[in-house]
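Fold and contact review
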Amino acid sequence: MTISYNWLCEYLPERIEPERLSKILTSIGLEVESLEKYESIKGGLQGLLIGEVITCEKHPDADKLKLTTVNIGATENLQIVCGAPNVAVGQKVVVATIGTTIYPATGEPMTMKKAKIRGVESQGMICAEDEIGIGESHAGIMILPADTKVGMAAAEYFKPYEDFIIEIGLTPNRMDAMSHMGVAKDVCAYLSHHTRKERNIISPFKNNFKPDNQGLQMQVIIENTDACPRYSGVSIEGVTIAESPAWLQQKLKAIGLRPISNIVDITNYILHETGQPLHAFDADAIKGKKVIVKNLPEGTPFVTLDEKERKLSTEDLMICNAEEPMCMGGVYGGLHSGVTAKTKSVFLESAWFNPVSIRKTSLRQGLRTDAATRFEKGVDISNTVNVLRRAAILIKEIAGGEIASDIIDVYPNPKEKTEVALKFHYLKKLSGKNYHPDTVKNILSSLGFELCKEGSDEMRFSVPFSKPDISIAADVVEEIMRIDGLDNVEIPATINTSPSVETLAHEVAYTEKIAKQLAGLGFREIFTNSITNSAYYSADVLKTTVKMINNLSEELNVMRPAMMETGLESIAYNLNRKNSDLKFFEFGKTYSVNEAGKYTENNRLAVYISGNISTNGWKGKGQKADFYYSKAVFEKIITLLGLKVDAYIQTENADLSDCLEAVIKKEPVARIGMISNKKLERFDIKQPVFYTDLNWSRLLELNQETVIQYREISKYPAVNRDLAIVVNKALPYELVEKATHAAGIKKLKSISLFDIFESEKIGAGKKSMAVSFTFQDEEKTMTDKEIDDMMNKIIASFEKELNAEIRK
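Predicted model only: the values in this text are computed from it and were never measured.

Attention now moves to the overall build of the chain. On a plain count of helices and strands, the chain comes out with 20 helices and 41 strands. Rg of the C-alpha trace for the chain: 40 Å, well past the compact-globule value of 28 Å for 808 residues, more than 25% over. Each principal axis of the C-alpha atoms in the chain carries an extent, and together these give about 120 × 90 × 65 Å. For the chain, with 808 residues in total, the buried portion stands at 47%. By element, 49% of the accessible surface of the chain is carried by carbon and sulfur atoms, the whole surface being about 42200 Å².

End to end, helix α15 (residues 564–575) covers 16 Å across twelve residues, agreeing with the expected 16 Å (1.5 Å per residue, within 8%). Counting buried residues along α15, ten of its twelve residues qualify, which places the element largely inside the surrounding structure. Along α15, the residues that are buried comprise M564, E565, T566, G567, L568, S570, I571, A572, N574 and L575.

This model, assessed by the stated rule, comprises 51 salt bridges. The partner of R359 in a salt bridge is E376, with the nearest N and O atoms 3.1 Å apart. Of this pair, R359 sits in helix α7 (residues 355–365) while E376 sits in helix α8 (residues 370–377), placing them 17 residues apart in sequence. When its relative accessible area of 36% is taken as the criterion, R359 is described as partly exposed. Close ionic contact of E512 with K516 constitutes a salt bridge, the shortest N to O distance being 3.3 Å. Of the two residues, E512 and K516 are both situated in helix α13 (residues 505–520); the distance of four residues between them amounts to about one turn of the helix. Exposure remark for E512: the relative accessible area of 42% places this residue in the partly exposed category. Here K516 falls in the exposed class, since its relative accessible area comes to 56%. Because the salt bridges share partners, they merge into one network encompassing R174, D176, D186, K467, E479 and R482.

To continue, consider the pairing of strand β13 (residues 162–169). Pairing analysis gives three bridges linking strand β1 (residues 2–4) to β13, with the strands arranged antiparallel. Bridge assignment links S4 to a residue of β13, and that residue is I165. Note that strand β2 (residues 31–39) and β13 share eight bridges and pair antiparallel. Opposite E39, over in β13, you have E162 as the bridge partner.

The subject of this paragraph is the sheet that holds strand β40 (residues 766–775). Pairing is antiparallel across the open sheet formed by four strands, whose spatial order is β39-β40-β38-β41. Whereas interior strands pair on both sides, the edge strands pair on one side only; in this sheet they are β39 (748–757) and β41 (805–806). With two bridges joining them, strand β38 (residues 719–728) and β41 adopt antiparallel strand pairing. Pairing of V726 across the sheet is with E805, part of β41. Packing against the sheet, helix α19 (residues 733–742) makes contact with β38, β39 and β40, and its axis sits at approximately 145° to β39.

So, about the packing of aromatic side chains. Using the criterion set out here, one finds 15 aromatic pairs in the structure. With 6.0 Å between their ring centres and 85° between their planes, Y5 and F164 make a pair best called edge-to-face. Taken together, the residues span a long stretch of sequence, with Y5 in helix α1 (residues 5–9) and F164 in strand β13 at a distance of 159 residues. For Y5, a relative accessible area of 5% puts it in the buried group. Judged by its relative accessible area of 26%, F164 falls in the partly exposed class.

As a further point, take the pairing of strand β32 (residues 582–593). Two faces belong to every sheet, and in a regular strand the side chains alternate between them. Of all twelve residues in β32, ten are buried; the element is thus mostly enclosed. As defined by bridge partners, strand β29 (residues 524–525) adjoins β32 across two bridges and the pair is classed as parallel. By the bridge assignment, E525 is partnered in β32 with F585. In the sheet, β32 pairs with strand β33 (residues 599–610) via twelve bridges, with the strands oriented antiparallel. Bridged to T590 within β33 is N602. The antiparallel pairing of β32 with β33 creates a hairpin that spans five residues between the two strands, and G597 there sits at a positive phi of about 85°.

Here is what the cut-offs are and how they apply
- Residues numbered from 1 in each chain as written.
- Predicted model: local features only at pLDDT ≥ 70, side-chain atom pairs only at ≥ 80, totals over all residues.
- Heavy atoms only, no water.
- Helix = DSSP H or I, 4+ residues; strand = E, 2+ residues; numbered from the N terminus.
- Rg over C-alpha atoms; globule rule 2.2 N^0.38 Å.
- Buried < 20%, exposed > 50% of the residue type's maximum accessible area, 1.4 Å probe, protein only.
- Areas by Shrake-Rupley, 256 points an atom, 1.4 Å probe, with all protein chains shown as cover.
- Expected span 1.5 Å × (residues − 1).
- Salt bridge = Lys/Arg side-chain N within 4 Å of Asp/Glu carboxyl O.
- Pairing = 2+ DSSP bridges.
- Contact = heavy atoms within 4.5 Å.
- Axes fitted to C-alpha atoms, helices over the stretch in contact; angles between N-to-C directions.
- Phe/Tyr/Trp six-rings, centres within 6.5 Å; stacked < 30°, edge-to-face > 60°.

Here is the structure:
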């Protein structure tokens, strides 16, 4: 929220220094994020003086330069070389003397130095308007009226507007502070409490509203009173559309708004003064002299102020005349009903719209306006008429014309104020401080609360309409603590805590452990959006996908049913930026819903590998990622979890080629494979991507079910033996492992495949597999005979189970 210091001070009973004001605002919960000086003319024209050209002669060494002497009210005149074609004797001009810094309209600041121009010394510069930031013209020097006083400071003559701009970081519930008056009320409440003297804001509302005639009557009809409980309006005729006066333009520019015309500027001024959005209609464009607040059929076309045709929803509240829509209520105006340079009469709207309705329309139509932002947070429903009177008087003063109707106020079901009871022991419990009842009453009274009932242990207050977020006692406690000063919260001598049980410790510990392991292997952790695009998924998948009711955009409309697609977005993003060697992992959730409407979310771990897994070096070229590397990474994860894969099953998968399912205790816990070309094309990825999807929730459950045992490392040596077997070419290595374990050798510690050889010499349809075995006895050193006996058992098992031949 942007606040003008000068503007804010107009409502305060006393002017407070900007730095002190910033501390007060932060203390009462309106955190000041920045305090910066504002100058309508950068540099404030400091150092510039008004001078008079005494002499003007041709430069002795340049055809286009003039040699002048200028009187600036000092004891000696200045000699200045000037290149402007319009410089002449007797002119009153703006002079930048030596040492003065000027701030051009474009370009960097420049400090004047004594210089020689074509051999002649120049003691300053006679300025054009663009050279000092006053305007954009560079046709010649700036010539002032003949009666302008010589030696006067340029800042005194032009009177540039200066201010301090305060940026406040508002929390979403503080709509009451989304205006200068709202902030001023809080400051006055703070001053009243801390000075023990009542301080009230200086109200701009004067009791001088009076219609000049009844010549422009409008009929207001509200058909949807839920979306628009109150609608007020007034007619003004005979206005003249022109530029706003300087004071109004300066205030709007200071807070970053662009002045448009007097009528529009007044509505913007009122918005930032009071927080109440207004809308001005060209009264001549209101057909039938009727203003009807209603909803229109689905798909009704409507052209907005930005000249775009939009299709309306049946939920969009519209302000219509007798024949057609004119405005999206509380959101955006229409192209054909707004104020233009030809407007002579206006109808001014001040209404209260349902925040939910405004929010939905604003997001649906993609229109985030200042008015919508305030309506969706909730404005003061009791203030529509007061604000309308204030605006009508301003229009009459600035744009001329006459007030041509009484205030029209349609409020069929007046809203009752919310009442909240506050118990003193509850106030002490939440604030940690004993407040005297009179202090509580004074603070809340200064904020607009009214005391309804007072008892020995509680008070009941009615909440002002300007604070729609306050509905429970905790909200009232917050208001008291704010005004007392959040930096005055007492620190207790003792702190009491209740022991808690950490239910997620196991999950967090293993998540961190695996993340560190993967980071050590060169992987980078990514975090992708769990809201994604339904276009990524097939119709079958979308049947169980969780769909967003109020989606952020057309592309972000479902909760992800799988991790793959959001990860591929990151892969594609990096590949498009020439980062082609990628190793990513992500812990995340997937979501689904069944036919009964039951929602499920599941924790997953996804691993992505693409490009080279090692870089080129002097020893050799980089190694490309492959399926086996992806499987090896998966097995490292499983090992760290204290688990062991019982089997790998090759399965068909539309998104993965060569897909393996890892099974533990007869249950699939992971999928490993290379992502299909069809899926990669969807993301414009042209290099292979290997993907592993782990059911992280189930793996953690299995980990907890596993009892990890520790034993002393054997002091006896392990023995390795190698064996080459000739088997059928189609035989998978998995069967070799099963046949080895079928031999039932307890002293066998590990088995690994280290070579595969295929040749016609070993027979058609055959291959040779070289396998290494590691044996170890925990109690003694094994003999050759023992090892030979175990190898013979393995050979016998191979010959029986695999029909293998032993290569000699």
